[in-house]
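# Structural characterization, general
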Amino acid sequence: MKGFKLSFINNQPIQQKYIQYTIHQTVIKNSPPYTNMKLREYALLFICFLYLSFPSNVSGQNTSVKNIDYKVDSLMKLMTLDEKIGQLNQLSKGVATGPEGKKYDLDKEIQSGNVGSLLNLYGADSTYKYQKMVVEKTRLKIPMIFGHDVIHGARTGFPIPLAEAASWDLQAIELSARIAATESAAMGLHWTFAPMVDICRDPRWGRIMEGAGEDPYLGSAIAKARVVGLQGQDLAANNTILACVKHFAGYGAVEAGREYNTTTISIRHLRETILPPFKAAVEAGAGSVMNAFNDVDGIPASGSKFLVTDVLKKEWGFKGYTVSDWNSIGEMVSWGTSKDAADAARQAMNAGSDMDMCGFAYRNHLKQLIKEGKVLQSQVDESVRRVLNMKFSLGLFEDPYRYSNPAREKETLYKKAHTDAAREVAKKSIVLLKNEKHILPISKKIKSILVVGEVANNKWDMSSTWSGMVDSKHNVTILEGIKAKVDKTTKVYYTQGADPKDEKILSLDSALVLAKKCEVIVMTIGERAWWVGENNSYAGIDIRKNELALMNGLLKTGKPLVILLTNGRPIIMNEVAEKAPSILETWWLGSMAGHAIADVLFGDYNPSGKLPVTFPRVLGQIPLYYSQKNTGRPAFTMSNGKYDGGIYRDVVNTPLYPFGFGLSYTTFNYDELKVISDSTKIGLPVTVTVKIKNTGKVSGEEVVQLYIRDMVASASQPIKVLKGFKKVPLAPNESTVVSFTLTPEDLSIWDREMVFRQEPGEFKVMVGGDSDKVITTSFYVK
Ligand code: NOJ
């Protein structure tokens, strides 16, 4: 531990290293800033230290809640109002992920104690340098917390979150988050702005790639896995960091998928669909939450007391702190709900929003607002307390430099164990959408193969957006993955073909000439990686014409064609779905993308992914999701009469690929669906079992999905909602009985009065390998 010595009070070793650090810096060493302290402050500080030394480390951990509360209270007694406000101010070093506003001198701000947190700075050396500024130049030396967008991997790139959700593999997702945390913590970071848990049913919104898709049940399970992966059991451990659940709330529901737009969210939709993953993440212990940019029912989320205080802090008992999105407090002026930045600061603070990201609203206005009585000092104290609490939990007061260790950084990043895990989750995230005539898997001994597509030979695309720290230059491309997999004698040809970003076909002739020489063609089709992510809403999400023309040309050669979809959102792809004999959804899969794709192409891994989001046939069907309501004139069941419900005249209502869909190189049969007791009581769990058999010739894994429908309820309910899933491995001919327990919570609804409770009545149970193909039974709750 650089520059700190073990200290003793009353002959007892001080187990809380924060005290040791502070004492050494202040009382023992009497460092220069403290020579200006008044006698009263010294006395207070000394009393604090004695006080703090008393509650010892009973559990052997330094994070006992009681201990931390003592420390925070004691420290707060020493802080001036300016120092407190400084803790609520977050500034950025380097890259801006939003408008930058007025220029300012960052170092000066830090050294004046005005910065509680920095974002966009990483690396053991850089974070050490900036932490040192606080430790050596500010009066109370309160360490900064360094945050960054580690969205899908730090140095080792993992699949985009939407892709990982397609694995339906909670262990793999948790491990991915843990590795991201381990590498981040080795790069000096304490905090990531992840997971994004926004439910999204509109693929025009580019940020759909950052979430877990359309469903609150799957989204909640994944939110929990990600929080646990990032934070572990002990935030102070060197393989964990603080999670930040975002964007609270409703950002995934921006109207028409248009970035930063308004929303129209009923309280029912909020409770039933949007909030559950946030609640799950908070229950899993998430230490921070980020406000959304959008408004909800006319109130910008950063200024919504209902969301931040009433729901998050009071109803759910959230103990961490909230951070605004980039200037989202200041932006309340543009929303027209605050007359100026001071008014915005007043509204946000009174709503319970704790930290201001890059908006200067708190830094510039909170002091005056308190003076004017517009904000209570106790409200600010409460926010500061929350921030300090997390800094203690992270162990920053023990050693502010604990995350900035160059040796650890060097030995931790891009380890083999990390790239192995990235390959595992990447292959699990691939979804087989079509496999006519069993073109897949391809034999490794094939004599010749043609790889077509700009994306197939591009390293950076494999990372996609929100991957700023990833070592993209070492990414394995699709072409490299294929070359590494096939027999030495196999000839692998490559041509760019068509780049989706251009209108031209780059090399149709050479593609056709090469195709004729080859036994099989593998072609990438879809998006470029930077078309998704923040501020990448598109009104058209169709496959580009040049790619379709090239695909049609290649199909004419009569050679077997495998399409690899590369995309971060559902795309409109009817022609591909209809004409291409085999299609793999390969998203953006991170550092090991090429190997993972080759594992699936050549049968070393049998694809097991299932879509976490519905693929519409045409743009006009959006929003299209599986958990539709029945309505008064059900679209799916009525005859084709004049007044049929909910249909378009020009397109069927069904999606191209339903939620939960994904094929395998083998087949599975579902049978013997049973409810252990077909009549049960309110408050009791219900057990459902189903027999599943691998009826094909190879081993495989199946995601067994359970849906229910509450047949009669006081408020209209969807025709099916996911309430359980299990991923089971099965050898050929092997069968197993999968058991699900539906808890009273699973069977509860937000009733007509918006009370969450169980209502008696009939429930339909549906189980299958996707949301469409299910077998059914039912039971009663009395
Ligand atoms: C804006 C984005 O909306 C948010 O998700 C991100 O964490 C922040 N910028 C910080 O980069």
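Read on for an overview of the structure. (Residues numbered from 1 in each chain as written. Predicted model: local features only at pLDDT ≥ 70, side-chain atom pairs only at ≥ 80, totals over all residues. Heavy atoms only, no water.)

## Some details on empty space enclosed by the protein
Across all of its chains, the model carries five cavities of 30 Å³ or more by this definition. The volume enclosed by the largest cavity comes to roughly 150 Å³. As for the largest cavity, its lining consists of 17 residues, of which Val 150, Ile 151, His 152, Ala 194 and Arg 226 are closest to the centre. Put simply, the parts of the chain that give the lining of the largest cavity at least two residues each are helix H7 (161-165), helix H8 (170-186) and helix H9 (216-231). (1 Å grid on protein atoms, 1.4 Å probe; cavity = no way out; pocket = protein on both sides within 12 Å on 5 of 7 lines; lining within 4 Å. Points joined across faces, edges and corners; volume = space filled by probe spheres on them. Helix = DSSP H or I, 4+ residues; strand = E, 2+ residues; numbered from the N terminus.)

## Examining the packing of helix H10 (residues 267-274) against helix H12 (residues 305-315)
Axis separation between H10 and H12 bottoms out at 15 Å; the angle between their running directions is 45°. When the interaxial angle is binned, H10 and H12 end up oblique. For the pair H10 and H12, the crossing hand works out as right-handed. Here H10 contributes Ile 267, Leu 270 and Arg 271 to the contact with H12, which in turn contributes Phe 306, Leu 307, Val 311 and Glu 315. The residue inventory of the contact of H10 with H12, partitioned by class, reads five nonpolar, no polar and two charged. (Axes fitted to C-alpha atoms, helices over the stretch in contact; angles between N-to-C directions. Parallel < 35°, antiparallel > 145°, perpendicular 65-115°, else oblique. Left-handed = near helix turned anticlockwise from the far one by under 90°. Contact = heavy atoms within 4.5 Å. Nonpolar A, V, L, I, M, F, W, Y, C, P; charged D, E, K, R; others polar.)

## Looking at the sheet that holds strand E24 (residues 735-742)
Strand order in the open sheet formed by three strands is E19-E21-E24, and the pairing between neighbours is antiparallel. The sheet is open, and its two edges are formed by strand E19 (668-675) and E24, each paired on a single side. When the angles between neighbouring strand axes are averaged without regard to direction, this sheet yields 20°. Note: E19 against strand E21 (residues 686-694), six bridges, orientation antiparallel. Residue pairing across strands places Lys 674 opposite Thr 689, the latter belonging to E21. (Pairing = 2+ DSSP bridges.)

## Remarks on H8
Taking 1.5 Å per residue as the helical rise, H8 with its 17 residues ought to reach 24 Å, and the 24 Å between its terminal C-alpha atoms agrees with that figure. Counting buried residues along H8, 12 of its 17 residues qualify, which places the element largely inside the surrounding structure. For H8, the full list of buried residues reads Ala 172, Ile 173, Ser 176, Ala 177, Ile 179, Ala 180, Ala 181, Thr 182, Glu 183, Ser 184, Ala 185 and Ala 186. Packed against the buried residues of H8 are helix H6 (124-137), H7, H9, helix H17 (406-412) and helix H18 (416-429). For H8, the N-terminal capping position is held by Asp 169, with its side-chain oxygen 3.2 Å away from the main-chain nitrogen of Gln 171. Looking one or two residues beyond H8, the residue adopting positive phi is Gly 188, at roughly 85°. (Expected span 1.5 Å × (residues − 1). Buried < 20%, exposed > 50% of the residue type's maximum accessible area, 1.4 Å probe, protein only. Polar contact = N/O pair within 3.5 Å; in protein donor to acceptor, adjacent residues only side chain to side chain.)

## What about the side chain of Ser 338?
Of note, Ser 338 is situated in the loop between helix H13 (332-335) and helix H14 (341-351). Residue class for Ser 338 comes out buried when judged on its relative accessible area of 6%. A polar contact is formed between the side chain of Ser 338 and the side chain of Gln 347, at a distance of 3.4 Å. Contacts of Ser 338, omitting those with residues within four sequence positions, involve Met 332, Val 333, Asp 343, Ala 344 and Gln 347.

## A few points about the nonpolar core
By size, the foremost hydrophobic cluster in this structure holds 160 residues, and its most contacted members are Met 573 and Leu 601. Among all residues touching Met 573, those that are not within four sequence positions of it are Leu 433, Ile 543, Leu 565, Ile 583, Phe 615, Leu 656 and Tyr 657. Residues Ile 692, Phe 740, Phe 763 and Val 765 belong to the second largest nonpolar core, which totals 22 residues. (Core = buried A, V, L, I, M, F, W, Y, C linked by side-chain atoms within 4.5 Å.)

## Focus: the packing of helix H20 (residues 478-485) against helix H24 (residues 593-601)
The angle between the axes and the distance between the axes are what describe a pair of packed helices. Here H20 crosses H24 at 50°, and the two axes come no closer than 7 Å. Classified by the angle between their axes, H20 and H24 sit oblique to one another. As for the relative orientation of H20 and H24, their crossing is right-handed in sense. Judged by residue contacts, Ile 478, Gly 481, Ile 482, Ala 484 and Lys 485 of H20 engage Gly 594, His 595, Ile 597, Ala 598, Asp 599 and Leu 601 from H24. A class-by-class count of the residues in the contact of H20 with H24 yields six nonpolar, three polar and two charged.

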